[in-house]
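Structural characterization, general
Letter by letter, the chains look like this.
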Amino acid sequence: MVLEQKNESKKPEDRAIWNTPENAFDWSWPKVPRHQFLIEKDKAYDYDGKSILIPLDISSVLKTSYLATTPSILARYVRVNCKKEISHILNASGEIYYVLEGEGSSENENDIIRWSKGDVFCFPGGKETIHSSKSENSILFLVTNEPLLSFEQLSPAAFENNSNILASHWPHEKTVSFLEDRYKRPKTEHTSGVAVLFSTEETLPSRNTIPSINTSINTLESGGDQRPHRHNGVAITLAIEGEKVYSMIEDEKIDWKNGVAQITPASELHSHHNRGSKRMMSFVVQDEGLHWYLRTTGFSWD
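Our subject in this report is the structure included herewith. As the structure is a prediction and not an experimental result, all values here were calculated from the model.

Before going further, it helps to examine the side chain of His88. Note that His88 resides in strand β4 (residues 86-89). You can call His88 buried: its relative accessible area is 7%. A polar contact of 3.0 Å, which involves the side chain of His88, links it to the side chain of His131. The residues touching His88, leaving out its near neighbours within four places in the chain, are Leu53, Glu95, Tyr97, Lys127, Glu128, Thr129, His131 and Leu142.

Next up, the structure:
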C-alpha cells in the first residue's frame, strides 16, 4: 500500500513537529475586533444596476487565509437587481438569509423560497443557489459557516438527503406575531432580551438555525436598556431599526446605523440602549450554537 502524500519529498515522520512550551495556552490567534461594516453597507445600497455579493471580510485582521467575518462565520450582503439574477455555490454546510430590502425568490436545487422584506430563510450549503428579485433592487444579508469548514479543510457532502439542514422559511408576519406575544410576558431578572430565535425540527434539541450558528430577531422598546451581559459566542448584529440606539461594549459606545452589521467580540461585556421613539430591532447571528454543543456558553451578567 502506497501512502498518498501532498509533499512527495517528505516521509510521514519528517512532517512531525514536537512542541514543548512552558505554557501550552500562551499562544492564540489574533483577537476578534469590535467592528462596524460601514463601507460594505454603503456598497450594498449603491444601486448601480448590478447584482453582487459583498463579503464582510476581516481576514487580514484575523490572519486567516480565507474570507471571514468572525473565526467561524462569514457574512455577506447580496444585492439582487431585477434585470439580472445572481447565483453561487458556497463551501458551507448551510446558508442563512435575512431579507433587508425588496421581494423575490431563491432556488436551491428542488427548493424555491419566495421572500419579502423581514423574512428569514435557509438552505443547505454546497449546492447552487440562484436569487432573483421582483423589486428593482433587493438586498439579502447572508451568513454561513464557511470559515469553520475552511479551518478544517472540509467540504459539504455532495450526496442528497444526508443533511440536517433543509430548506426552511420564517415569514416576517409570523415573526412579528411571536414577538408581540413575547412582549406580553413580564420581564424578570432572568430576561436577557425580548427576542425570537429561528430553528427547525432538524436541529433539535438545540434552538439553532444550523448546528453551529444561532440566529434571532432581538428587540428593545423605546427608552429601554438591555442589561449588560457577556457570553463566549461572538455576535454579528445587523441593525434593522436603530434610531438613536447604541451599544456599550466594555467601555466603548457604538452608535447604530440602520443596515450596518457590527461585531461584538466573544466574552466582552455589552449592553444595548434605545433612546429613539421606535422599537429597536436587529438580526443577531452568533456561533453560540457551537458553544452550546461544547457546553461552554459562558453567559453571565457581569
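So, on to the sheet that holds strand β2 (residues 52-56). One open sheet accounts for six strands, arranged β2-β3-β10-β5-β8-β11; its pairing is antiparallel. Strands with a single pairing partner mark the edges of an open sheet, and in this sheet they are β2 and β11 (168-170). Geometrically, the sheet is characterised by an average inter-axis angle of 20 degrees between neighbouring strands, direction not taken into account. Where strand β3 (residues 74-81) lies against strand β10 (residues 137-144), eight bridges are found, and the strand directions are antiparallel.

For the coordinates displayed, the defined rule picks out 12 salt bridges. The salt bridge partner of Arg34 is Glu252, with a shortest N-O separation of 2.9 Å. Residue Arg34 is found in the segment before β1 (35-36), and its partner Glu252 is found in strand β16 (residues 252-255); the two are separated by 218 residues along the sequence. Judged by relative accessible area, which is 29%, Arg34 ranks as partly exposed. Judged by its relative accessible area of 35%, Glu252 is partly exposed. The shortest N-O distance in the salt bridge between Glu101 and Lys117 comes to 3.6 Å. Placement of Glu101 in strand β5 (residues 94-101) and of Lys117 in the loop between β7 (111-116) and β8 (120-124) is noted, with a sequence separation of 16 residues between them. Judged by its relative accessible area of 23%, Glu101 is partly exposed. The structure contains a network of salt bridges with shared partners spanning Lys31, Arg34, Glu252 and Glu268.

The amide bond that connects Leu204 to the next residue, Pro205, takes the cis arrangement and shows omega of 10 degrees. Looking at where Pro205 falls in the secondary structure, it is placed in the loop between β12 (194-198) and β13 (214-220). Positioned with a positive phi, Glu109 is a non-glycine residue whose angle comes to about 55 degrees. On the secondary structure map, Glu109 appears in the loop between β6 (103-108) and β7. Within the chain, Glu250 stands out as a residue other than glycine whose phi angle is a positive 55 degrees. Looking at the secondary structure, you find Glu250 in the loop between β15 (245-249) and β16.

Overall, the coordinates contain 10 aromatic pairs when judged by the stated rule. The interplanar angle of 75 degrees and the centroid separation of 6.4 Å between the aromatic rings of Tyr97 and Phe123 together place this pair among those described as edge-to-face. With Tyr97 in strand β5 and Phe123 in strand β8, the pair connects residues that are 26 residues apart, well separated along the chain. With relative accessibility at 0%, the residue Phe123 sits in the buried group. Summarising the aromatic geometry, the rings of Tyr98 and Phe283 are spaced 5.1 Å apart at their centres and angled 25 degrees between planes, so their arrangement reads as stacked. Of the two residues, Tyr98 sits in strand β5 while Phe283 sits in strand β19 (residues 280-286), which places them 185 residues apart along the sequence. Take Tyr98 and Phe283: they sit in the same class, and that class is buried. Against the face of Tyr45 rests Lys41, its NZ or CZ located 4.8 Å from the ring centre. Here the basic side chain of Arg279 rests over the ring of Tyr183, its NZ or CZ set 3.8 Å away from the ring centre.

One finds Tyr77, Ile96, Tyr98, Phe141, Leu238, Ala261 and Phe283 to be the most contacted residues of the largest nonpolar core, which totals 35 residues. Within the second largest apolar cluster, 12 residues are counted, among which are Val80, Ile86, Leu90 and Leu140.

Structurally, the position occupied by Thr215 is in strand β13. Here the side chain of Thr215 touches Thr209 through a polar contact of 2.7 Å, side chain to side chain. Beyond its immediate stretch of four places on either side in the chain, Thr215 contacts Ile96, Val196, Leu197, Phe198, Thr209, Phe283, Val284 and Val285.

What counts, and where the lines are drawn
Residues numbered from 1 in each chain as written. Predicted model: local features only at pLDDT ≥ 70, side-chain atom pairs only at ≥ 80, totals over all residues. Heavy atoms only, no water. Helix = DSSP H or I, 4+ residues; strand = E, 2+ residues; numbered from the N terminus. Buried < 20%, exposed > 50% of the residue type's maximum accessible area, 1.4 Å probe, protein only. Polar contact = N/O pair within 3.5 Å; in protein donor to acceptor, adjacent residues only side chain to side chain. Contact = heavy atoms within 4.5 Å. Pairing = 2+ DSSP bridges. Axes fitted to C-alpha atoms, helices over the stretch in contact; angles between N-to-C directions. Salt bridge = Lys/Arg side-chain N within 4 Å of Asp/Glu carboxyl O. Phe/Tyr/Trp six-rings, centres within 6.5 Å; stacked < 30°, edge-to-face > 60°. Lys NZ or Arg CZ within 6 Å of the ring centre and 35° of its normal. Core = buried A, V, L, I, M, F, W, Y, C linked by side-chain atoms within 4.5 Å.

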